[in-house]
Amino acid sequence: MSYLDQFFGLSGKVAVITGGGGVLAYEIGSGLSQAGVKIVFLDINEEAAQAAATRINEKGGDAIGLKTNVLDLDALKVTRDEVLAKYGKVDILLNAAGGNMPGATISPEQTVFDLNISDLDKVTSLNFNGTVLPSMVFGEVMAKQQSGNIINFSSMAAMQSITRVLGYSTAKAAVSNFTAWMAMEMAMKFGGTVRVNAIAPGFFIGNQNRALLTNPDGSYTDRGNKVINKTPMGRFGEARELVGAIMFLASDSAASFVTGIVLPIDGGFSTFSGV
Ligand code: NAD
């Protein structure tokens, strides 16, 4: 075992990743798998979760894909029991399920007064409740084990206003706030054995934003160029660039005294006024 393997101590850990059929979840799962972590991909889209697991297993990893709904407490409990029956523990929870919805954004022709409240509720619920509910179900397992850690997915949208993106931004701000609150709760009530942190990715091309940021020929849209101009590194992130931060936060040795933080991974977006 190399010094780094020993230092991060991730080999043999079990990670549950919600939204496991998504773009970022797969890359993170793939990176963790190479560090010896067993991966459980959970997604409302069962096929996508299983496809991600198959890709990891084909590369020699140990992964499964299960269907669950992060907004359904009963479904999550059934899933928790399945995971415990197979692996006997949960060391890491990544709350990656989330995303935006067209109805919860303000189109260029609209103002805030045209906001669709039903779509606002849906996007708020997916990103916020969809983080809280799995944290309750799998966090309870960790509290009983007296070990484990949770990593939430906030966003740059939580920190600064981004035109059009209302519901998603406020929900991600709530995810950041919940990260701090849950970190305090777990540390104070369970002897500091369960840590809770978050990452705040900047702009990564994914299924949900590809058409907004890039043209069919691969060039950037006007909005894509605006993002690049506000990113000192002058490019979008690559999904694999999240892996190192996740490994650090997930490691109970490397990050043993780190809890309640929201770590930006954004090419400097959050540091730059744009001027
Ligand atoms: P993605 O759309 O590729 O994946 C999201 C997954 O969540 C999908 O597979 C979807 O089926 C699943 N999902 C949706 N509703 C669900 C439910 N109720 N229960 C279970 N699963 C459900 O998204 P991504 O781009 O990989 O993003 C992953 C996370 O990172 C999200 O929380 C997103 O908000 C956040 N994020 C992404 C970016 C980016 O640039 N891509 C930036 C900042 C934050």
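Conventions we followed
One numbering rule holds for all chains: residues counted from 1, following each sequence as written. At least 70 in pLDDT is required for a residue's local features to be given in this predicted model, at least 80 for side-chain atom pairs to be given and counted, and no such filter applies to totals for whole chains, interfaces and linings, which use all residues. Working from all heavy atoms in the structure, the side-chain values ignore hydrogens and water. Lines fitted to C-alpha atoms define the axes, with helix axes restricted to the stretch in contact, and inter-axis angles between N-to-C directions lie between 0 and 180 degrees. Strands here mean DSSP runs of E at least two residues long; helices mean DSSP runs of H or I at least four residues long; both are numbered from the N terminus. A clockwise turn of the near helix away from the far one marks a right-handed crossing, whereas an anticlockwise turn of less than a right angle marks a left-handed crossing. By definition in these notes, contact holds between two residues if any of their heavy atoms fall within 4.5 Å. Throughout this entry, Asp, Glu, Lys and Arg are counted as charged residues, while Ala, Val, Leu, Ile, Met, Phe, Trp, Tyr, Cys and Pro are counted as nonpolar. The remaining residues, Gly among them, count as polar. A cutoff of 4 Å decides nearness: a residue is near a molecule or strand if any of its heavy atoms lies inside that distance of it. Contacts described as polar in this section are N or O atom pairs within 3.5 Å, which, within protein, must combine one atom able to donate a hydrogen with one able to accept it, while residues neighboring in sequence count only if both atoms come from side chains. Nonpolar cores are built from buried Ala, Val, Leu, Ile, Met, Phe, Trp, Tyr and Cys residues. Side-chain atoms within 4.5 Å join them into one set. Think of it in three bands: residues with accessible area under 20% of the maximum for their type are buried, residues over 50% are exposed, and the middle band is partly exposed, with areas taken using a 1.4 Å probe on protein chains only. If an angle is under 35 degrees, it is roughly parallel; if it is over 145, roughly antiparallel; if it lies from 65 to 115, roughly perpendicular; otherwise it is oblique.

(A) Summary view of the packing of helix α4 (residues 73-87) against helix α5 (residues 117-145). Running from amino to carboxyl end, α4 crosses α5 at an angle of 35 degrees, the nearest separation of the two axes being 10 Å. Crossing hand, α4 versus α5: right-handed. On α5, the residues touching L73, L76, K77, R80 and L84 of α4 are L133, P134, V137, F138, E140 and V141. Residue composition of the contact of α4 with α5, by class: eight nonpolar, no polar and three charged.

(B) How the structure looks around the site of the ligand. Around the ligand, a shell composed of 27 residues is seen, among which L24, D43, Y168, F204 and Q208 lie nearest. Between an oxygen atom of the ligand and a side-chain N or O atom of N209, the distance comes to 3.5 Å. Those elements that provide at least two residues to the shell around the ligand are α2 (23-34) and α6 (167-189). Partitioned by chemical class, the residues of the shell around the ligand number twelve nonpolar, 13 polar and two charged.

(C) Geometry of the nonpolar core. Core analysis: the biggest nonpolar cluster contains 31 residues, and L32, I39, F41, L94, I199 and I246 have the highest contact counts within it. The set of elements that each furnish at least two residues to this core consists of β1 (14-18), α2, β2 (38-43), α3 (46-58), β4 (92-95), β5 (148-153) and α9 (243-250). In contact with L94, not counting residues within four places along its chain, are V16, I17, T18, I28, L32, I151, F153 and I246. I64, V90, V132 and V137 belong to the second-largest nonpolar core, a separate cluster that totals 25 residues.

(D) Structural context of the packing of α2 against α9. Two elements in contact, α2 and α9, have axes separated by 9 Å at closest approach and are oriented at 60 degrees. One finds that α2 runs oblique with respect to α9. Every pair of crossing elements has a handedness; the one defined by α2 and α9 is right-handed. Two secondary-structure elements touch here, α2 through E27, I28, G31 and L32 and α9 through V243, I246 and M247. Here the contact of α2 with α9 is built from residues that sort into five nonpolar, one polar and one charged.

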